[in-house]
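Remarks on the overall topology
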Amino acid sequence: MSLAEFVRALPKVELHVHLEGAMAPRTLLELARRRRISLPAADVAGLREWFRFRDFDHFVQVYLACSAVLRDPEDFALLIAEFAADQERENIRYSEIHFTIGTHWQNGLPIDEILEAMEEAIRAAERQRGVVLRLIPDIVRDVGSATADPTLEWAIEGHERGIVVALGLTGREAVCPSEPFAGHFEEARRHGLHCVAHAGEHAGPASVLAVLDACGAERIGHGVRAIEDAGLIERLRAGRTPLEVCPTSNLLLGVAPDLAAHPFDRLRRAGLEVSVNTDDPALFDTTLSREYLRLAEAWDYTPEVLAGLALAAVGHSFLPDAGKAALAASMREEIATLAERHLGRPLVLQGLLGAPGR
Ligand SMILES: [Zn+2]
């Protein structure tokens, strides 16, 4: 069995993926057809070509086109169903999905009905595919409090229904501060939500410090530029604050010039909690398996290291403790079978979450 096949079959967890950025060309085509919206291409091959990353402006154009075809609650249900099928194909057992409900609120869509439709689709994915999906509605820094308020309310309602796990923060960290949203995160915490924030991607360590201090971020979206500040690295290590790393996204958006210069391995060796993610798989033409494989090729990671990264993401997730233990146990069992059957030897996964004696 090749390493690529092993990685594909490896049970995985994804903690940083945007629902709109995961919209496959086939889904965009179907939604545009339903709503009679014209697109730059009329078939999947043409759209795939149009999706191909060129520069940031083009990336935003595609992202907005993917958001604009979502018009009715049933469109969101379709998007969830297609996303669940993609995650199942990749053997991603559990996903925490960023989602910008504020955009759709601004578009005048009935966000209560969207929540209901998404809940139904999430329950169906779990029942039919065994794929568990949870949502992280994001406040967008640039847009300000006008959409932050309905985003928070939607997050609280979704949390009560059991499908939202955290409130997120996204947008242009380099020019828009995080501090104005401190109150929203405080309120979210009061309602039992977790808090995550994009930081340390387009801005340096100060941006990471801001989301830790002002928003109480428990996990950092990207966070790779923490590598520039030894004091911050120590704080993240001591606090066991996980970083959600998205290698291909970082390369395409110019956060690192190439994988050799990417800080993933240095962060891992510094003892930080890191996970592997796609960010916007459709727009960056990647899959979670491909992300694992790229890292393995860059730093000669063994199947043990890769399985360790997959299991570590369970620990970083916002599942309740019992859910984490159950998922880790089931993944370990699957990994053991996979190793015996395809590598012809057991994997030594001592000291990882779900390991005997822990
Ligand atoms: Zn992101």
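See the structure printed just above.
Residues numbered from 1 in each chain as written. Predicted model: local features only at pLDDT ≥ 70, side-chain atom pairs only at ≥ 80, totals over all residues.

In this section: the overall build of the protein chain. Along the protein chain, the regular secondary structure elements total 16 helices and eight strands. Here the C-alpha radius of gyration of the protein chain, 19 Å, is about what a compact globule of 358 residues would show, namely 21 Å. Reported as C-alpha extents along the three principal axes, the dimensions of the protein chain are approximately 55 × 45 × 40 Å. Residues counted as buried form 49% of the 358 residues belonging to the protein chain. Taking the intrachain contacts of the protein chain between residues at least 6 apart in sequence as the baseline, contacts between residues at least 24 apart amount to 72%. (Helix = DSSP H or I, 4+ residues; strand = E, 2+ residues; numbered from the N terminus. Rg over C-alpha atoms; globule rule 2.2 N^0.38 Å. Buried ≥ 20, exposed ≤ 12 C-beta atoms within 10 Å, placed from the backbone. Contact = placed C-beta atoms within 7 Å.)

Our focus in this paragraph is helix H14 (residues 288–299). For H14, built from twelve residues, the straight-helix expectation of 16 Å at 1.5 Å per residue is met to within 8% by its first-to-last C-alpha distance of 17 Å. Listed in full, the buried residues belonging to H14 are Leu288, Ser289, Glu291, Tyr292 and Leu295. Viewed along the axis of H14, the buried residues span an arc of 165°, placing them on a single side of the element. Positive phi shows up at Asp300, right after H14, with a value of about 55°. (Expected span 1.5 Å × (residues − 1). Arc of directions from axis to C-beta.)

Ordered by their spatial adjacency, eight strands build an open sheet running S1-S2-S3-S4-S5-S6-S7-S8, and the pairing between neighbours is parallel. Across the chains shown, the open sheet's two edge strands, defined by having one partner strand only, are strand S1 (12–18) and strand S8 (274–276). Looking at each pair of strands side by side, their axes are set apart by 25° on average, direction ignored. Strand direction decides the pairing type here: strand S2 (residues 92–99) and strand S3 (residues 132–140), joined by six bridges, are parallel. For Tyr94, the partnering residue across the bridge sits in S3 and is Val132. (Pairing = 2+ DSSP bridges. Axes fitted to C-alpha atoms, helices over the stretch in contact; angles between N-to-C directions.)

This next bit is on the packing of helix H2 (residues 25–35) against helix H3 (residues 44–51). In a packed pair of helices, the relevant descriptors are the angle between the two axes and the axis-to-axis distance. With their axes 9 Å apart at the nearest point, H2 and H3 run at an angle of 115° to one another. One finds that H2 runs roughly perpendicular with respect to H3. Considering only the axes of H2 and H3, their crossing is right-handed. Where H2 approaches H3, its residues Pro25, Arg26, Leu28 and Leu29 are matched on the opposing element by Val44, Leu47, Arg48 and Phe51. Partitioning the contact of H2 with H3 into residue classes produces six nonpolar, no polar and two charged. (Parallel < 35°, antiparallel > 145°, perpendicular 65-115°, else oblique. Left-handed = near helix turned anticlockwise from the far one by under 90°. Nonpolar A, V, L, I, M, F, W, Y, C, P; charged D, E, K, R; others polar.)

Next up on the list: unusual backbone geometry. The backbone of His222 shows a phi angle near 80°, a positive value even though the residue is not glycine. By secondary structure assignment, the location of His222 is in strand S6 (residues 219–222). Non-glycine residue Asp279 carries a positive phi angle of around 70°. Locating Asp279 in the fold gives a position in the loop between S8 and H14.

Distances and angles like these do not, on their own, reveal function.
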